[in-house]
Amino acid sequence: MILAAMVVVFYAIFKFLTPTNFGSPENLYSYFQSSIIYSVGGCGLYFIVVMGLFDFAVGANIVLSSIIGVILSSKFGYAGFILGCLGCGTLIGIIIGFLYNQLNVPSMIVTVGIMLVLESVAVFAAGGVKQTLDPSLRFFSGAPGNIILAALAFAFMWFILNYTKIGTYCNAIGSNEFTAKNMGIDVKKYKLIGFALLHFFVGIMAILTVSYGTTMTALTGMSTMSRNFQPLMGTFFGVAFRKYGTPISAIVVGEFIIAIIFNGFVALGAPTTIQNVVTGAALLVIVTLTARGKRGSVVK
């Protein structure tokens with residue numbers, strides 16, 4: 001009810017301020033189509049954020065996995081595209097989880113280093129050329145393809161949280177890692193699984209991202225970092241509402257709320273930089289609400 005009320009309130013505000021170019025049924029459907037891409041990434045981030053971890057390499061992996069998927073699609077069609085994105089994404093997640101466990105340094109430090117490496121690998125893989133997905137392979141660029149794939153991702157997360165130990169153990173580690181170890185939980189194992197799951201979902205997000213935009217360009221200089229934060233905001237919605245047993249729906253609706261806000265400012269004619277202001281302010285508010293009572297446990 002709280003999330004539904006937030007949707008109605010933000011919609012009403014921007015519809016009142018700019019009634020002619022915001023909030024039509026077609027606009028809302030477009031907002032939803034773009035928001036589900038970030039919702040998939042938010043579902044993946046949930047598995048590590050509940051353990052107090054963070055990953056700066058998400059954006060870099062989206063770019064690299066997209067490029068690898070597009071390159072393989074030119075030779076193997078849909079099989080190369082899907083397996084390239086998923087395989088590259090998951091492999092990188094396993095590498096990050098392994099390095100985090102072995103190096104015993106904060107996840108932020110590990111993933112910043114990995115981000116810089118992945119950006120360089122993406123430039124090398126792309127050969128300095130913008131990678132364009134063939135028009136015959138764009139089933140996931142819009143409905144129903146993107147909705148079907150996103151729904152499968154949400155169903156997979158629901159299954160993991162409700163029918164496996166992973167969700168329970170991740171929550172236990174995030175609540176008190178020392179107690180979790182004393183309970184016999186292999187903390188390092190489940191952190192590795194958390195990173196692997198995150199980047200499997202990043203692989204799905206890469207499929208949706210490059211299908212929606214049709215092209216992907218390799219970036220350097222930490223430019224991929226901007227791709228980290230919008231899915232992260234959806235994750236914080238999920239963390240905030242997990243006590244009600246609704247993290248997936250909270251992530252999806254939360255991302256839709258963020259999309260309404262962003263597009264509302266665009267409809268008002270605000271400069272594009274306002275999105276950065278909104279992103280930063282929203283992150284501060286959401287982190288404050290979700291981390292209350294657990295100060296100091298947000299990032300490890």
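Everything here concerns the structure above.
Cut-off values and rules
- All chains use their own residue numbering, which begins from 1 and follows the written sequence.
- At least 70 in pLDDT is required for a residue's local features to be given in this predicted model, at least 80 for side-chain atom pairs to be given and counted, and no such filter applies to totals for whole chains, interfaces and linings, which use all residues.
- As a rule here, side-chain values come from all non-hydrogen atoms in the structure, and water together with hydrogens is ignored.
- A run of H or I in DSSP becomes a helix once it reaches four residues, and a run of E becomes a strand once it reaches two; helices and strands are each numbered from the N terminus.
- Whether two residues are in contact is decided by their heavy atoms: any pair within 4.5 Å suffices.
- Surface accessibility follows the Shrake-Rupley procedure with a 1.4 Å probe radius. Residue values consider only the protein chains on display as shielding.
- Working convention: axes come from line fits to C-alpha atoms, limited for helices to the stretch in contact. Angles between N-to-C directions cover 0 to 180 degrees.
- Orientation labels follow simple angle bins: below 35 degrees gives roughly parallel, above 145 gives roughly antiparallel, 65 to 115 gives roughly perpendicular, and whatever is left gives oblique.
- Take the far helix as your reference; a near helix turned counterclockwise from it by less than a right angle gives a left-handed crossing, and one turned clockwise gives a right-handed crossing.
- Side-chain classes are defined by residue name, with Ala, Val, Leu, Ile, Met, Phe, Trp, Tyr, Cys and Pro counting as nonpolar, Asp, Glu, Lys and Arg as charged, and the others, Gly among them, as polar.
- We call a set of buried Ala, Val, Leu, Ile, Met, Phe, Trp, Tyr and Cys residues a nonpolar core when their side-chain atoms join them within 4.5 Å.
- For the exposure calls, accessible area comes from a 1.4 Å probe over protein chains only, and a residue counts as buried if that area is under 20% of its type's maximum, exposed if over 50%, partly exposed in between.
- A helix's residues, less one, multiplied by 1.5 Å, set its expected span.
- Polar contact criterion, stated in full: a pair of N or O atoms within 3.5 Å, where within protein one must be able to donate a hydrogen and the other to accept it, and residues adjacent in sequence count only if both atoms are side-chain atoms.
- Aromatic rings from Phe, Tyr and Trp, taking only the six-membered ring of Trp, are treated as a pair when their centres fall within 6.5 Å; an angle between ring planes under 30 degrees marks them as stacked, one over 60 as edge-to-face, and anything in between as tilted.

**Q** I keep staring at the overall build of the protein and nothing clicks. Help me out?
**A** Scanning the protein from terminus to terminus reveals eleven helices and two strands. Taken from the N to the C terminus, the helices and strands of the protein come in the order α-α-α-α-β-α-α-α-α-β-α-α-α. Taking the intrachain contacts of the protein between residues at least 6 apart in sequence as the baseline, contacts between residues at least 24 apart amount to 80%. For the protein, the accessible surface area stands at approximately 13,600 Å², while carbon and sulfur atoms represent 69% of it.

**Q** Can you help me understand the packing of helix 6 (residues 165-175) against helix 8 (residues 187-213) in this one?
**A** Interaxial distance between helix 6 and helix 8 falls to 10 Å at its minimum, and their mutual angle equals 115°. In terms of orientation, helix 6 lies roughly perpendicular with respect to helix 8. Here the hand of the crossing between helix 6 and helix 8 comes out left-handed. Along the contact surface, helix 6 presents Lys-165, Ile-166, Tyr-169, Cys-170 and Ile-173, while helix 8 presents Val-187, Tyr-190, Lys-191, Ile-193 and Leu-197. Class assignment for the residues of the contact of helix 6 with helix 8 results in eight nonpolar, no polar and two charged.

**Q** Looking at this structure, how should I read the nonpolar core?
**A** As a rule of thumb, soluble globular proteins bury nonpolar side chains together. Val-40, Phe-47 and Met-157 are the most contacted members of the largest nonpolar core, which totals 72 residues. Put simply, the parts of the chain that give this core at least two residues each are helix 2 (25-49), helix 3 (58-103), helix 4 (107-126), helix 5 (145-163), helix 6, helix 8, helix 9 (229-241) and helix 10 (247-267). Counting residues per element, this core draws most heavily on helix 3, which supplies 14 residues. In this structure, Val-40 is in contact with Ala-150, Ala-153, Phe-154, Phe-201, Ile-204, Met-205 and Leu-208, ignoring residues within four places of it in sequence.

**Q** Is there a simple way to explain helix 4 in this structure?
**A** For an α-helix the count is 3.6 residues per turn, leaving residues at separations of three or four pointing the same way. Taking 1.5 Å per residue, 20 residues should reach 28 Å; helix 4 reaches 28 Å between its end C-alpha atoms and fits that length. When we look at burial in helix 4, the residues that qualify are Ser-107, Val-110, Thr-111, Ile-114, Met-115, Leu-118, Glu-119, Ala-122 and Ala-126.

**Q** Looking at this model, I keep getting lost on the packing of helix 2 against helix 8. Mind explaining?
**A** Each pair of packed helices can be summarised by the angle the axes make with each other and by the distance between the axes. In contact at an axis separation of 7 Å, helix 2 and helix 8 are set at 170° when each is read in the N-to-C sense. Considering the angle they form, helix 2 stands roughly antiparallel to helix 8. Contact residues: helix 2 offers Ser-34, Ile-37, Tyr-38, Val-40, Gly-41, Cys-43, Gly-44, Leu-45, Phe-47 and Ile-48, while helix 8 offers Gly-194, Phe-195, Leu-197, Leu-198, Phe-201, Ile-204, Met-205, Leu-208, Thr-209 and Tyr-212. The residue inventory of the contact of helix 2 with helix 8, partitioned by class, reads 15 nonpolar, five polar and no charged.

**Q** What should I look at first to understand the side chain of Ser-39 in this one?
**A** By the secondary structure assignment, Ser-39 is in helix 2. In this structure Ser-39 comes out as buried when scored by relative accessible area, which is 0%. When sequence neighbours within four positions are dropped, the list of residues in contact with Ser-39 reads Phe-154, Ile-251, Val-252 and Glu-255.

**Q** I keep staring at the side chain of Gln-131 and nothing clicks. Help me out?
**A** Position of Gln-131 relative to the elements: it lies in strand 1 (residues 131-132). With a relative accessible area of 14%, Gln-131 lands in the buried category. Of note is the side chain of Gln-131, whose polar atom sits 3.2 Å from the backbone oxygen of Val-129. Apart from the residues within four sequence positions on either side, Gln-131 is in contact with Ile-67, Val-70, Ile-71, Ala-126, Thr-214, Thr-215 and Met-216.

**Q** How should unusual backbone geometry be read in this particular structure?
**A** Trans is the common state for peptide bonds, and a negative phi is the common state for residues other than glycine. Here Ala-143 and Pro-144 are connected by a cis peptide whose omega angle stands at 0°. By the element assignment, Pro-144 lies in the loop between strand 1 and helix 5. Look at Thr-214: it is not a glycine, yet its phi comes out positive at around 70°. The exposure class of Thr-214 is partly exposed, given its relative accessible area of 23%.

**Q** What is the right way to look at the environment of Val-105 in this model?
**A** Checked against the element boundaries, Val-105 lands in the loop between helix 3 and helix 4. Discounting chain neighbours no more than four positions away, the residues touching Val-105 are Tyr-100 and Val-110.

**Q** Looking at this model, I keep getting lost on the packing of aromatic side chains. Mind explaining?
**A** The description of an aromatic ring pair uses the distance of the two centres, along with the angle that the planes make with each other. Inspection of the entire model under this criterion finds 17 aromatic pairs. Here the aromatic rings of Phe-22 and Tyr-31 are separated by 5.7 Å at their centres, their planes lie at 25°, and the arrangement is stacked. For the ring pair Tyr-78 and Phe-140, a centre distance of 6.3 Å and an interplane angle of 90° mean the geometry is edge-to-face. With a gap of 62 residues between them, Tyr-78 in helix 3 and Phe-140 in the loop between strand 1 and helix 5 connect regions that are remote in the sequence. Residue Tyr-78 is classed as partly exposed on the basis of its relative accessible area of 31%. With a relative accessible area of 11%, Phe-140 lands in the buried category. Taken together, the aromatic side chains of Tyr-11, Phe-14, Phe-22, Tyr-31 and Phe-265 make up a single cluster linked through ring pairs.

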